Amino acid sequence: MKVEMQLGGEQLSIETGKVAQQADGAVWVQYGGTVVLVTVVAETRESDLDFFPLTVDYRERAYAAGRIPTVYGRREPRPGTGEQLVSRLIDHCIRPLFPKDFKPEVQILCNVLSSDQVHPADVPALIGTSAALCISDIPFNGPVGAITVGKLDGKSIVNPSYEQLELAEMELFVSGKADAVMSVEGGGHETPEDEVIDAIIFAHEQI
């Protein structure tokens, strides 16, 4: 099954049923030339833990950009700061949407399989996480969506490229449901409060 829509200046497609069929939920998300495979798995046994053990692991593989790792044995290195931050972005958005009494361990793996080195993979990763959870049997009060808003020359841009982000006056990563904003991360150069609020409203309309 495959669904597509226009998001910003590129086509967003979500496909399932071809890979990782043993996972509880798996989707193949493509935005431009960037491809992310997201899989979700939940423990089937009852848990007596007093917390919700949710793990989100976002990885940008070197082969996604056509490179071979330079480390010994050609192995992928440990997650970098950027990967850890994206993992936290996803976690912050989806963790509150699980039932409070749900305690089985849940693992979410987001692997960037291909990068066009134009579009960041954080937005497709979160959208893919939501889609994978929604098609699984795991209880999840979704779906959720996300976009990055960039302010460039006074205009709001949906999912700006790496080059545009370098020049942007403000960058906000906004995630949410149809009726609410879930999380906001970002920064700006002495940006007025009104412009930040307008950017969040604009992002929620796109979500």
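The preceding data block contains the structure.
The sections below set out a description of the structure shown in this document. (Residues numbered from 1 in each chain as written. Predicted model: local features only at pLDDT ≥ 70, side-chain atom pairs only at ≥ 80, totals over all residues. Heavy atoms only, no water.)

### Here's the deal with the sheet that holds strand β7 (residues 145–152)
The strand order β8-β7-β9-β10 describes an open sheet built from four strands, whose pairing is antiparallel. Strand pairing shows two members of the sheet lacking a second neighbour, β8 (155–158) and β10 (181–188), which therefore form its edges. Shown here is a sheet whose adjacent strand axes are inclined to one another by a mean of 20 degrees, direction ignored. Both strand β9 (residues 170–176) and β10 contribute to a ladder of seven bridges, which runs antiparallel. Opposite Glu171, over in β10, you have Gly187 as the bridge partner. Running over the sheet, helix α4 (residues 193–206) touches β7, β8, β9 and β10 and is turned about 45 degrees from β9. (Pairing = 2+ DSSP bridges. Helix = DSSP H or I, 4+ residues; strand = E, 2+ residues; numbered from the N terminus. Axes fitted to C-alpha atoms, helices over the stretch in contact; angles between N-to-C directions. Contact = heavy atoms within 4.5 Å.)

### What about the pairing of strand β6 (residues 106–114)?
The sheet contact formed by strand β4 (residues 34–42) and β6 spans eight bridges and is antiparallel. Within the sheet, the bridge partner assigned to Thr39 lies in β6 and is Leu109.

### A few points about a negative patch on the surface
Together, Asp153, Glu169, Glu193, Asp194, Glu195 and Asp198 make up a negatively charged patch on the protein surface. A relative accessible area of 30% means that Glu195 is categorised as partly exposed. (Patch = residues over 30% accessible without salt bridge, like charges linked within 9 Å, V, L, I, M, F, W, Y side chains within 5 Å. Areas by Shrake-Rupley, 256 points an atom, 1.4 Å probe, with all protein chains shown as cover. Salt bridge = Lys/Arg side-chain N within 4 Å of Asp/Glu carboxyl O. Lys, Arg positive; Asp, Glu negative; His and termini not counted. Charge placed at Lys NZ, Arg CZ, Asp CG, Glu CD. Buried < 20%, exposed > 50% of the residue type's maximum accessible area, 1.4 Å probe, protein only.)

### Here's the deal with the nonpolar core
Ile94, Phe98 and Ile108 are the most contacted members of the largest nonpolar core, which totals 48 residues. With near-sequence residues (within four places) excluded, Phe98 lies in contact with Phe52, Leu54, Leu133, Ile138, Pro139 and Phe140. (Core = buried A, V, L, I, M, F, W, Y, C linked by side-chain atoms within 4.5 Å.)

### Structural notes on the packing of aromatic side chains
Per the stated rule, a full pass over the model turns up four aromatic pairs. Geometrically, the ring pair formed by Phe98 and Phe102 is stacked, given 6.2 Å between the ring centres and 10 degrees between the ring planes. Geometrically, the ring pair formed by Phe98 and Phe140 is tilted, given 5.4 Å between the ring centres and 55 degrees between the ring planes. A residue pair is termed long-range when its members are at least 10 positions apart, and Phe98 in the loop between α1 (81–94) and β6 and Phe140 in the loop between α2 (122–135) and β7 qualify at 42 residues. The buried category is assigned to Phe98, whose relative accessible area is 5%. Aromatic ring contacts, followed pair by pair, group Phe52, Phe98, Phe102 and Phe140 into a single cluster. (Phe/Tyr/Trp six-rings, centres within 6.5 Å; stacked < 30°, edge-to-face > 60°.)

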